[in-house]
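# Close look at the chain arrangement
As a plain string of letters, each chain reads:
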Amino acid sequence: MATIVVHVMPKPEILDPQGKAVGNALPRLGFEGFASVRQGKRFELTVDGDVTEELLAQAREAAETMLSNPVIEDVVAVEVVN
Amino acid sequence: MARIGVVTFPGTLDDRDAARAVRLAGGEPVNLFHADHDLQGVDAVVLPGGFSYGDYLRAGAISRFSPIMEQVVDAANGGMPVLGICNGFQVLTEVHLLPGSMIKNNHLHFICRDQVLRVENNDTAWTNAYELGEEITIPLKNQDGQYVADERTLDELEAEGRVAFRYVDVNPNGSRRNIAGITNERGNVVGLMPHPEHAVEAGFGPDSREAGRGGTDGLGFFASALNALLASA
């Protein structure tokens, strides 16, 4: 079994309120070194057997058409993890 | 009598209120189910508010693929009046009947308040019963209510008069250019975050100048659709 991992992030120009809230909370626990936080999504698509080029292409298409909304999000990576 | 369908998705909350609003405006509400492929011959469709599919993935993102939405999209492209309220608006953006998207409120809190809106376009199937520039008060209650779109899309919406409603006095969620609701080019598809269906019966609406809970400013949405259907009949 192999897994295709899709990473989706809010577009840089879109305010990320969740990331901002996390960023503001970090210093409260003593984590002082981080200038900002952005929060995204990670999808793991598991396949039976090997990842073929066709499956990878399907994953890329799913990432662009369903897993992300291009108005507010970017697909930053589609990668195979064995 | 005009028949207006109200779609129920798993997690929809306001379908009964929307049906009641249709009835109070003088129409016949028809319950439509997300898993059906049949619009049952309705003349117009309301996508009500709630948390369809738990807002999983993104608000409205999974409802978009419901069987009934194929029919709704075809009907909307054919000119049928379609109104998306709150989660229904989110579904309309996900299915690309309306541009832009909604993200989390800029202050991160769920908000529930009586909200003043200004009618910016009264030439749509859902706003023709209002005066241009009229200010109405209806409830606003959501978590992902911040309307966003790129600058070019926003400029187009403004230039084409497709901003249907703007927030007045306060921008409650960080929406670009105070946009509360928009319409498509043809004026048959309208989406907004606030809830007209909760302001349709005296005693159960927002506070009005005349009486506590007396506000019925939302009734005009449904009256507008009945006007539009009568005019096209």
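Residues numbered from 1 in each chain as written. Chains lettered and ligands numbered in written order. Predicted model: local features only at pLDDT ≥ 70, side-chain atom pairs only at ≥ 80, totals over all residues.

### Topic: the overall build of chain B
Of regular secondary structure, chain B possesses 5 helices and 11 strands. Over its C-alpha atoms chain B spans a radius of gyration of 16 Å, differing by no more than 12% from the 17 Å that the globule rule assigns to 233 residues. Considered along the principal axes of its C-alpha atoms, chain B spans approximately 40 × 40 × 35 Å. Taking all 233 residues of chain B together, 58% fall into the buried category. Taking the contacts inside chain B whose residues are at least 6 apart along the sequence as the reference set, 73% of them involve residues at least 24 apart. (Helix = DSSP H or I, 4+ residues; strand = E, 2+ residues; numbered from the N terminus. Rg over C-alpha atoms; globule rule 2.2 N^0.38 Å. Buried ≥ 20, exposed ≤ 12 C-beta atoms within 10 Å, placed from the backbone. Contact = placed C-beta atoms within 7 Å.)

### Some remarks on the overall build of chain A
Secondary structure summary: chain A contains 2 helices and 3 strands in total. Taking 12 Å as the expected radius of gyration for a compact globule of 82 residues, we find that chain A reaches 16 Å, considerably beyond that expectation. With the C-alpha coordinates aligned to their principal axes, the bounding extent of chain A is approximately 45 × 30 × 15 Å. Within chain A, the proportion of its 82 residues that are buried is 17%. Partitioning the contacts of chain A with sequence separation of at least 6, the portion at a separation of at least 24 is 71%.

### A look at the environment of methionine 80 of chain B
Residues and elements named next belong to chain B. Positionally, methionine 80 belongs in the loop between helix 2 (67-77) and strand 4 (82-85). Linking methionine 80 and glycine 26, residues 54 residues apart in sequence, is a C-alpha distance of 18 Å. Not counting residues up to four positions away in its chain, the partners in contact with methionine 80 are Ala44, Val45, Ala75 and Asn188.

### Observations regarding the interface of chain B and chain A
With 11 residues of chain B at the contact, the number on the chain A side is 8 residues. Looking at side-chain class alone, the side of chain B that touches chain A contains 5 nonpolar, 3 polar and 3 charged residues. (Nonpolar A, V, L, I, M, F, W, Y, C, P; charged D, E, K, R; others polar.)

### A word on the environment of arginine 58 of chain B
Tracing the backbone shows arginine 58 of chain B in the loop between strand 3 (44-47) and helix 2. A sequence separation of 36 residues divides arginine 58 of chain B from glutamate 94 of chain B, and the C-alpha atoms of the two residues are 8.9 Å apart.

### Points about the sheet that holds strand 2 (residues 28-33) of chain B
Residues and elements named next belong to chain B. If you walk across this open sheet you meet the 9 strands as 2-1-3-4-11-10-9-6-7, and the pairing is mixed. Edge positions in the sheet fall to strand 2 and strand 7 (135-142), since each of these pairs with one other strand and no more. In this sheet, adjacent strand axes meet at a mean angle of 25 degrees when their direction is disregarded. With 3 bridges joining them, strand 10 (residues 179-183) and strand 11 (residues 189-192) adopt antiparallel strand pairing. (Pairing = 2+ DSSP bridges. Axes fitted to C-alpha atoms, helices over the stretch in contact; angles between N-to-C directions.)

### Here we look at the confidence of the model for chain B
Taken as a whole, chain B shows an average pLDDT of 95; of its residues, 100% reach a score of 70 or greater. Complex prediction metrics read pTM 0.92 and ipTM 0.82. (pLDDT = per-residue confidence, 0-100.)

### Brief notes about the pairing of strand 1 (residues 2-10) of chain A
Residues and elements named next belong to chain A. Where strand 1 meets strand 2 (residues 41-47), 7 bridges bridge the pair, whose relative direction is antiparallel. Looking at strand 2, one finds that valine 8 is bridged to lysine 41. In this structure, strand 1 lies alongside strand 3 (residues 73-81), joined through 8 bridges in antiparallel fashion. Within strand 3, the residue paired with isoleucine 4 across the bridge is valine 80.

### Some points on the sheet that holds strand 3 of chain A
Residues and elements named next belong to chain A. Taken in spatial order, the 3 strands line up as 2-1-3 in an open sheet, and their pairing is antiparallel. The open sheet terminates on both sides in strands that have one partner only, identified here as strand 2 and strand 3. Taking each pair of neighbouring strands and ignoring which way they run, the sheet shows an average axis angle of 20 degrees. Docked against the sheet, helix 2 (residues 53-67) engages strand 1, strand 2 and strand 3, running at close to 30 degrees with respect to strand 1.

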